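Descriptive analysis of the structure
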Amino acid sequence: MNLHLKEAALAVFLLPAALLLTVTISCSKKTMPTRTQGALGTVCSINAFDDASEGLYDELFARLNEIDERFSATRRDSDISRVNAQAGIKAVAVHRDVYYVVQTALNFAQKTDGAFDPTVGPLVKLWGINTADARVPSQEEIDAVLPLVDWRMVQMDPGDGETSKKIFLLQKGMSLDLGGIAKGYAADEMARILGEHGVGQAIVNLGGNVYAYGSKKDGSNWRVAVKNPQEPLGKEALAINFAQSNSVVTSGAYERFFEKDGVRYHHIINPKTGYPEQNNIGSVTIVSRSSIQADALSTAAYILGPTEYFKIERTAALFILGDKSIKASLQLAGNVEVLDGSFSNIVFR
Ligand code: AMP
Ligand code: MG
């Protein structure tokens with residue numbers, strides 16, 4: 001995968017991480033600095049504060065690289081690439097991690113009636129968003145690949161053990177793209193490893209897919225800031241506050257896109273139309289202890305929009321609309337701190 005340095009600016013900034021880092025670096029020699037590395041096609045950084053050690057960071061980043069190797073759609077030898085290469089030909093044995101993530105993706109596809117669809121690969125390739133080949137395809141080209149985008153045409157074979165799981169894409173030309181869910185899985189894996197090491201507090205930031213793990217030792221809340229989708233490099237719109245472990249994942253049209261003839265074509269594609277979803281949503285943020293869930297739902301929610309999303313799902317969500325008004329889940333009431341006054345029109349529901 002390519003390292004998208006633009007994402008170094010990150011969809012989400014971590015207020016406490018930045019503050020804590022400044023404080024702890026200046027007053028405690030024991031504290032390890034954050035480690036930052038490229039993985040999963042983005043910039044990944046982890047700060048385990050007082051509990052950090054080189055060994056812990058080595059283990060965490062080795063796991064990120066392993067996930068990258070198994071899930072990448074661009075590495076030819078990844079499980080995903082092998083499944084894609086055999087589309088319409090035969091079922092392919094995959095690692096149980098891959099089986100789990102694809103099965104989870106299919107569950108979300110069913111739940112969101114295909115708004116989230118891991119078989120979106122042919123459309124992602126056609127549009128080439130964030131590659132040197134980005135372009136607006138013709139309607140004929142889109143019509144030709146639309147029949148290949150259908151999560152119901154993925155056959156999952158659980159086998160009879162951990163090593164005999166297989167995935168089969170039923171039609172030639174189909175391809176899996178887990179870009180909308182893999183970082184969430186990776187963040188959950190980081191949380192699992194941090195738990196195994198008894199780490200009390202940590203911040204994991206995988207290209208804006210954030211896991212604030214544990215609780216802060218000084219008893220204060222985690223504060224994860226959400227960007228102004230209209231000015232991603234400017235002052236943040238708001239912060240979401242919480243005391244205990246949570247993942248905060250944002251999907252937005254401002255993240256990966258190109259412009260042609262004054263139109264912005266971004267990376268979240270509606271599997272039914274074949275076009276980047278055009279709506280009035282600036283961004284949608286999901287808050288959940290499960291980052292794989294937050295990741296899949298943020299991508300789906302961008303396509304569904306608030307009305308449909310709130311009909312089918314209860315996981316905490318916050319939509320920033322084009323007019324800067326905000327629609328958020330009732331369970332976030334009391335957790336949202338407005339940082340930029342132009343985002344104070346919030347309706348909780
Ligand atoms: P995210 O940034 O998590 O919203 O995921 C966006 C990425 O997911 C894109 O870059 C594609 O790789 C992939 N993707 C795009 N549209 C969809 C979709 N409708 N369902 C699932 N994955 C998608
Ligand atoms: Mg996602």
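An account of the accompanying structure is given in this report. In this text, all values refer to a predicted model and were calculated from it rather than measured experimentally. (Residues numbered from 1 in each chain as written. Chains lettered and ligands numbered in written order. Predicted model: local features only at pLDDT ≥ 70, side-chain atom pairs only at ≥ 80, totals over all residues. Heavy atoms only, no water.)

1. Regarding the nonpolar core
Keep this limit in mind: Here, nonpolar core means buried Ala, Val, Leu, Ile, Met, Phe, Trp, Tyr and Cys residues that are tied together by side-chain atoms lying within 4.5 Å of each other. Each residue is placed in one exposure class: buried if its accessible area under a 1.4 Å probe, protein chains only, is under 20% of its type's maximum, exposed if it is over 50%, and partly exposed if it falls in between. The helix count covers DSSP runs of H or I at least four residues long, the strand count covers runs of E at least two residues long, and both are numbered beginning at the N terminus. Whether two residues are in contact is decided by their heavy atoms, any of which lying within 4.5 Å being enough.
Of all hydrophobic cores here, the largest spans 73 residues; its most connected members are Leu 64, Val 102 and Ile 167. The element that contributes the greatest number of residues to this core is helix α8 (residues 291–312), accounting for eleven residues. Once you skip the residues sitting within four places of it in the chain, Leu 64 turns out to touch Ala 39, Leu 40, Cys 44, Ile 46, Ala 186, Met 190 and Leu 206. With 22 residues, the next largest nonpolar core counts Ala 237, Val 287, Ile 326 and Phe 343 among its residues.

2. Describing the site of ligand 1
Cut-off, in case you're wondering: The criterion for a residue being near a molecule or strand is simple. One of its heavy atoms has to lie within 4 Å of it. N or O atoms within 3.5 Å of each other form a polar contact, as long as, within protein, one can give a hydrogen and the other can take it, and as long as residues adjacent in sequence are counted only when both atoms are side-chain atoms. Computed with a 1.4 Å probe, the accessible areas rest on the Shrake-Rupley method; for each residue, only the protein chains presented here act as cover. In this analysis a 1.4 Å probe is tested at points of a 1 Å grid over the protein atoms alone, and where it fits but cannot get out there is a cavity; an open set with protein on both sides within 12 Å along at least five of seven lines is a pocket; lining residues have an atom within 4 Å of a point. Whether a molecule sits in a cavity or pocket is decided by its atoms, more than half of which must lie within 2 Å of the grid points. For this classification, the nonpolar set comprises Ala, Val, Leu, Ile, Met, Phe, Trp, Tyr, Cys and Pro, the charged set comprises Asp, Glu, Lys and Arg, and every other residue, Gly included, is treated as polar.
Taken together, 17 residues surround ligand 1, and among them Asp 117, Asp 177, Ser 251, Ile 269 and Thr 299 come closest. Taking Asp 177, its side chain carries an N or O atom lying 2.8 Å from an oxygen atom of ligand 1. Contact distances for ligand 1 include 2.6 Å between an oxygen atom and a side-chain N or O atom of Ser 251. When isolated, ligand 1 has an accessible area of 500 Å², and the protein chains bury 93% of it. Most atoms of ligand 1, that is more than half of them, are within 2 Å of grid points of the largest pocket. Class assignment for the residues of the shell around ligand 1 results in eight nonpolar, five polar and four charged.

3. Observations concerning the layout of surface pockets
Convention followed: Grid points are joined across faces, edges and corners, and a volume is the space filled by probe spheres set on the points.
The calculated volume of the largest pocket comes to roughly 1200 Å³. Forming the walls of the largest pocket are 47 residues, and the residues nearest its centre are Val 124, Asp 177, Gly 179, Gly 180 and Arg 256. Within the residue set of the lining of the largest pocket, elements represented by two or more residues are α5 (121–127), α7 (182–196), β11 (246–252) and α8. It is α8 that provides the largest number of residues to the lining of the largest pocket, a total of four residues. Of the residues that constitute the lining of the largest pocket, the class distribution is 18 nonpolar, 21 polar and eight charged. Its volume calculated, the second largest pocket comes out at about 230 Å³. As for the second largest pocket, its lining consists of 15 residues, of which Ala 253, Arg 264, Ile 281, Gly 282 and Tyr 302 are closest to the centre. At the level of elements, β13 (263–266) and β14 (281–288) are the ones that each hand at least two residues to the lining of the second largest pocket. Here the residues of the lining of the second largest pocket sort into six nonpolar, seven polar and two charged.

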